[in-house]
Amino acid sequence: MNETRQNPSAGRQLAAILFADIAGYTALMQKDEATASNLLRRFQKELEKKVAENNGNIVNFYGDGALCVFPVPIDAVRCAMELQTAFGVAPRVPVRIGLHSGTVTYEGDKIFGDSVNLASRIESMGIPGAVLFSKKIRDDIKNNPDLKIRLLGSFAFKNVEEEMEVFALANDGFAIPKRKEMKGKLQPESNLFNRWLVSALAIVLLALTGWWGWGKMISTNDAGDVVSTIAVLPFSNLSTDPKNEFYSSGVHEDILNKLAGLQNLKVISRTSVVKYRDSEEDLKDIGKRLGARYIVEGSVMRMEDQVRVMARLFDASTDQSLWSEEYNSTLSDVFGLQSSIAQKIANTLKTKINEKEKNQLNAVLTRTPEAYDNFIKARNILNASRVPYEKLKQAIGLLNKAVAADGQFNEGWALLAIAESELSAQEREFDGKEEEARLAADRAEAALQKAQALNPESAVTLRAQGYFQLKVKEDEISALRSYDQALEANPNDYETLLDQGMMYIYMGKSDRALSNFTRAFDLNKENGFVNYMLKTGYDMSRQYEKIPPLLELLLELEPEKTHYKVEAAYFQFLADGSLESFHAFEDAVQRVERTEKCDTRTVQDNQAVVAMVNGDFESYFNYWTGTWDRHHASHGNWSCPMILNDETNQARLLIEYGNEKLAAEIIETAKTSATRPINENSVCIFDKQVLEPKLDFLSGDSLQARRKFETMVSKVMQNNKFPRGAVEKMVLLQTADMVAPDRVYDIYQEVMNAPVSIVGMEKICADPFTYPNLLKHPKFLAEVRQDGRFVGFLEHYDLHRRGLIPAGHHHHEEGGNSH
């Protein structure tokens with residue numbers, strides 16, 4: 001490519017400037033890297049050929065775009081025509097092209113000037129297949145009869161006193177954008193590359209205070225100060241090396257974190273805005289969808305030891321640009337650049353900032369590029385919704401490199417303390433890793449002490465302190481205090497809100513837990529774990545009626561996740577217990593559309609519920625078998641306790657349905673699996689001893705099963721950790737129904753009233769095959785009759801009398817079941 005890039009004489013010259021880029025390239029790269037790379041190679045190859053043939057020079061390639069200059073405008077236009085004609089042939093390349101002419105300044109192999117800015121602005125207003133240009137270009141080419149030209153209208157550009165007319169090539173085969181499309185992309189700019197640099201990737205700062213209209217996007221805090229809503233989309237990586245994507249993501253997240261530390265800003269989390277990377281949606285639509293009053297776009301270009309960042313702030317309710325700027329710095333001073341951007345945004349929004357917050361805005365994480373690179377690579381790993389064991393250790397290795405390069409790196413030490421705390425907690429659950437867990441705990445404490453010595457009051461240090469106290473020391477009260485302090489320093493930290501919410505669950509304070517989960521959801525509506533915790537909070541407090549509206553809202557955000565419809569119908573049934581709601585749930589299960597993002601396991605679990613109620617064991621068995629196989633596969637075929645529990649329940653059903661041969665095979669497999677050590681593949685972990693009474697009972701030793709059950713009750717009921725405590729209590733109740741039916745109602749009462757529990761009367765009624773003895777217990781039935789909701793449903797299906805086997809169903813002979 002380099003042979004096309006010539007170095008013109010230094011100084012000022014007249015030139016025709018051509019900007020070109022591939023529309024939607026980054027989104028395609030994420031979806032299909034091979035196809036995107038092939039299109040980029042074709043784009044660059046065609047430009048090198050056509051630009052040279054038309055007497056032009058490629059000044060530079062920028063990621064998926066290029067800046068070119070020509071001595072005369074007609075050559076630039078002819079080149080643009082040839083390019084779009086070539087790109088229109090399969091495999092089609094969706095390219096936008098914009099042209100302008102004027103004076104440019106050459107400095108080495110770079111060019112500068114307002115003419116360059118205007119050309120980039122015109123290009124960004126285009127659509128794939130179009131050639132747009134200014135009036136200056138039109139005036140130079142209008143006497144060429146083979147060129148058809150269409151005026152698209154006049155548009156206002158920053159630093160230009162009068163509106164500028166923009167034209168499009170209207171020859172057959174060339175796309176022509178509508179004025180509405182162009183105006184939606186028109187935002188005032190300043191400095192070199194402006195909108196073109198911004199368009200490849202986006203920085204969007206979006207703040208969230210409400211869903212239902214612009215008027216709800218500004219609120220007040222407890223002190224009565226105005227709180228603006230703002231949030232951040234990923235930064236564009238305009239570096240020539242796509243591997244620098246990690247760097248643009250790091251710069252973006254650090255600016256977001258600085259803004260999130262301001263009490264009078266509500267900042268949407270990083271995970272909520274990831275889906276809007278390179279989005280071409282109208283800013284008003286994005287703002288309304290995310291509940292964001294203000295949006296910032298921008299980009300990052302890293303060149304050797306230099307970095308350039310563009311940022312622009314918009315009022316999404318009016319589509320008005322409030323501020324834009326370009327910043328240039330060395331890699332070692334990128335944090336000064338981030339502080340300047342965050343400070344400018346806060347000032348533009350007239351955000352009230354106290355002295356402590358001002359110091360946080362101006363804080364420098366590190367001036368060592370090597371430390372920052374390793375830190376943000378590690379942080380990108382740890383930002384995933386689930387971090388596998390090996391990935392966790394990889395992140396720890398990167399963080400150790402970061403703090404080795406800069407021993408004064410507070411954020412690096414704090415994140416290392418969190419990662420080592422998590423490693424220690426995981427290894428403590430694994431069999432045979434007690435020593436490794438102890439060493440990880442020691443390393444976590446050492447890293448935390450480093451962070452505390454450097455900045456004991458920073459939000460990240462306080463969160464690391466709380467995480468260490470929770471995961472390593474298992475001191476919930478101290479962790480709660482640390483999280484309170486962390487939220488004072490950064491009220492927009494949804495992860496701290498979630499951790500603290502789980503502390504409230506342990507303490508039996510479900511209302512406060514729900515308050516935290518709701519605040520986290522307001523900040524981060526599209527984060528799967530946040531949604532899960534809010535739903536779990538409603539579930540544990542048995543506020544089932546609040547779950548369907550939540551799921552319907554999530555379905556609006558992500559229509560492809562069609563399993564939300566099934567879940568919403570199920571929880572509506574739990575909420576009112578009516579026969580009508582069950583039929584609606586049944587209908588949702590049968591009609592659900594299996595999209596790419598539909599959670600098949602959730603659908604099949606609910607299909608099994610419907611089959612159980614209808615006494616259709618054959619269908620239930622098929623649904624369960626598929627779930628079992630997928631669960632095994634998701635753990636690398638390494639059995640974990642949750643699978644073993646499912647297997648014991650299934651064996652019980654098989655025995656009742658007369659297939660004792662298959663039941664015996666499952667029991668033996670479960671026994672063998674229960675002897676295998678728990679390790680990093682055993683994701684769904686709880687104490688395997690909780691399963692022993694079931695295995696003994698199903699093997700014929702009911703006395704041993706009862707003894708183990710009675711020993712286990714106190715231990716399980718004292719475990720209030722989430723989610724293990726909740727899962728173990730559920731397994732305890734299932735065990736009581738199987739092993740100690742005379743105790744099942746008392747155990748049910750204890751479990752239902754425990755602070756960490758996901759069992760309630762409603763779920764018992766909806767799960768007749770798992771709790772057949774409890775469902776027939778006189779005290780339980782009296783409770784159901786007093787409540788009134790499920791009476792009609794139970795009577796219709798005769799569930800309170802039939803037990804495991806529906807009336808009229810004959811047992812299979814041993815081995816007779818085809819499964």
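Values in this document were obtained by computation on a predicted structure and should not be read as measured data.

What follows concerns the packing of helix H27 (residues 641–656) against helix H31 (residues 724–739). Running from N to C, H27 and H31 point in directions that differ by 20°, and their axes come no closer than 12 Å. The orientation of H27 with respect to H31, classified from their angle, is roughly parallel. In this structure, H27 meets H31 at a crossing whose hand is left-handed. Contacts between H27 and H31 involve Met 642, Asn 645, Thr 648, Asn 649 and Arg 652 from the first element and Val 727, Val 731, Gln 734, Asp 737 and Met 738 from the second. Its residues assigned to classes, the contact of H27 with H31 shows four nonpolar, four polar and two charged.

Evaluated as defined, the whole model comprises 30 salt bridges. As a salt-bridge pair, Asp 21 and Arg 96 come within 2.9 Å of each other at their nearest N and O atoms. Taken as a pair, Asp 21 in strand S1 (residues 11–22) and Arg 96 in strand S4 (residues 95–107) lie far apart in primary sequence, 75 residues in all. By relative accessible area, which is 4% here, Arg 96 ends up buried. For Glu 728, the salt bridge is made with Arg 724, and the minimal N-O distance between the two is 3.4 Å. Here the residue Glu 728 and the residue Arg 724 both occupy positions in helix H31, the gap between them amounting to four residues, near one helical turn.

Along strand S3 (residues 65–70), six of the six residues are buried, which leaves the element largely enclosed by surrounding structure. Of the two faces of S3, the one holding Gly 65, Leu 67 and Val 69 and the one holding Ala 66, Cys 68 and Phe 70 are both buried throughout. Pairing of strand S2 (residues 57–62) with S3, which is carried by five bridges, proceeds in the antiparallel orientation. Each bridged residue has a counterpart across the sheet, and for Ile 58 the counterpart in S3 is Cys 68.

With nine of ten residues buried, strand S13 (residues 294–303) lies mostly within the body of the structure. Both strand S11 (residues 236–237) and S13 contribute to a ladder of two bridges, which runs parallel. The partner of Ser 236 across the bridge, within S13, is Ser 299. The antiparallel hairpin formed by S13 and strand S14 (residues 306–315) contains two residues in its connecting segment, where Glu 304 sits at a positive phi of about 55°.

Moving on: helix H18 (residues 476–489). Along its 14 residues, H18 runs 20 Å from first to last C-alpha, staying within 8% of the 20 Å computed at 1.5 Å per residue. Looking at the buried residues of H18, the elements they touch are helix H12 (355–362), helix H17 (459–471) and helix H19 (494–506).

This next bit is on the confidence of the model for the protein. With 85% of its residues at a pLDDT of 70 or more, the protein shows a mean pLDDT of 82. Under a pLDDT of 50 for its full length, residues 186–218 has, in the predicted model, 195 contacts with residues more than four places off or in other chains. Counting contacts from residues 810–819, a segment whose pLDDT is below 50, to residues more than four positions away or on other chains yields 22 contacts.

The residue Arg 428 is located in helix H15 (residues 410–429) in this model. Among the residues examined, Arg 428 registers a relative accessible area of 38% and is labelled partly exposed. Within the structure, Arg 428 has its side chain in polar contact with the backbone oxygen of Lys 471 (distance 2.7 Å).

Our focus in this paragraph is the nonpolar core. If you look at the biggest cluster of nonpolar residues, it comprises 185 residues, and the most contacted ones within it are Tyr 247 and Phe 780. Beyond its immediate chain neighbours, meaning those up to four positions away, Tyr 247 contacts Val 300, Arg 302, Val 307, Leu 331, Val 334, Tyr 372, Asp 373 and Ile 376. With 35 residues, the next largest nonpolar core counts Phe 43, Cys 68, Phe 70 and Val 131 among its residues.

This paragraph deals with the packing of aromatic side chains. In total, this model carries 20 aromatic pairs according to the counting rule given. Between Phe 573 and Phe 790 the ring centres are 5.7 Å apart and the planes differ by 75°, which places this aromatic pair in the edge-to-face class. Of the two residues, Phe 573 is situated in helix H23 (residues 563–576) and Phe 790 in the loop between helix H35 (778–787) and helix H36 (791–797); the sequence distance between them amounts to 217 residues. Across the pair, exposure class does not vary: Phe 573 and Phe 790 are buried alike. For the ring pair Phe 573 and Phe 793, a centre distance of 4.8 Å and an interplane angle of 70° mean the geometry is edge-to-face. Here Phe 573 is found in helix H23, whereas its partner Phe 793 is found in helix H36, with 220 residues between them in sequence.

Tracing the sequence through the fold places Asp 737 in helix H31. At a separation of 2.8 Å, a polar atom in the side chain of Asp 737 contacts the main-chain amide nitrogen of Leu 774. Those residues in contact with Asp 737 that sit more than four places away from it in its chain are Arg 652, Val 744, Thr 770, Tyr 771, Pro 772, Asn 773 and Leu 774.

What follows deals with the packing of helix H20 (residues 510–523) against helix H21 (residues 528–540). Close contact between H20 and H21 brings their axes to 9 Å; oriented N to C, the two are set at 150°. Viewed along their axes, H20 and H21 adopt a mutual orientation that is roughly antiparallel. As for the relative orientation of H20 and H21, their crossing is left-handed in sense. Along the contact surface, H20 presents Leu 514, Phe 517, Thr 518, Ala 520 and Phe 521, while H21 presents Val 530, Asn 531, Met 533, Leu 534, Gly 537 and Tyr 538. Looking at the contact of H20 with H21 residue by residue, the class counts come to eight nonpolar, three polar and no charged.

Calculation notes
Residues numbered from 1 in each chain as written. Predicted model: local features only at pLDDT ≥ 70, side-chain atom pairs only at ≥ 80, totals over all residues. Heavy atoms only, no water. Axes fitted to C-alpha atoms, helices over the stretch in contact; angles between N-to-C directions. Helix = DSSP H or I, 4+ residues; strand = E, 2+ residues; numbered from the N terminus. Parallel < 35°, antiparallel > 145°, perpendicular 65-115°, else oblique. Left-handed = near helix turned anticlockwise from the far one by under 90°. Contact = heavy atoms within 4.5 Å. Nonpolar A, V, L, I, M, F, W, Y, C, P; charged D, E, K, R; others polar. Salt bridge = Lys/Arg side-chain N within 4 Å of Asp/Glu carboxyl O. Buried < 20%, exposed > 50% of the residue type's maximum accessible area, 1.4 Å probe, protein only. Pairing = 2+ DSSP bridges. Expected span 1.5 Å × (residues − 1). pLDDT = per-residue confidence, 0-100. Polar contact = N/O pair within 3.5 Å; in protein donor to acceptor, adjacent residues only side chain to side chain. Core = buried A, V, L, I, M, F, W, Y, C linked by side-chain atoms within 4.5 Å. Phe/Tyr/Trp six-rings, centres within 6.5 Å; stacked < 30°, edge-to-face > 60°.

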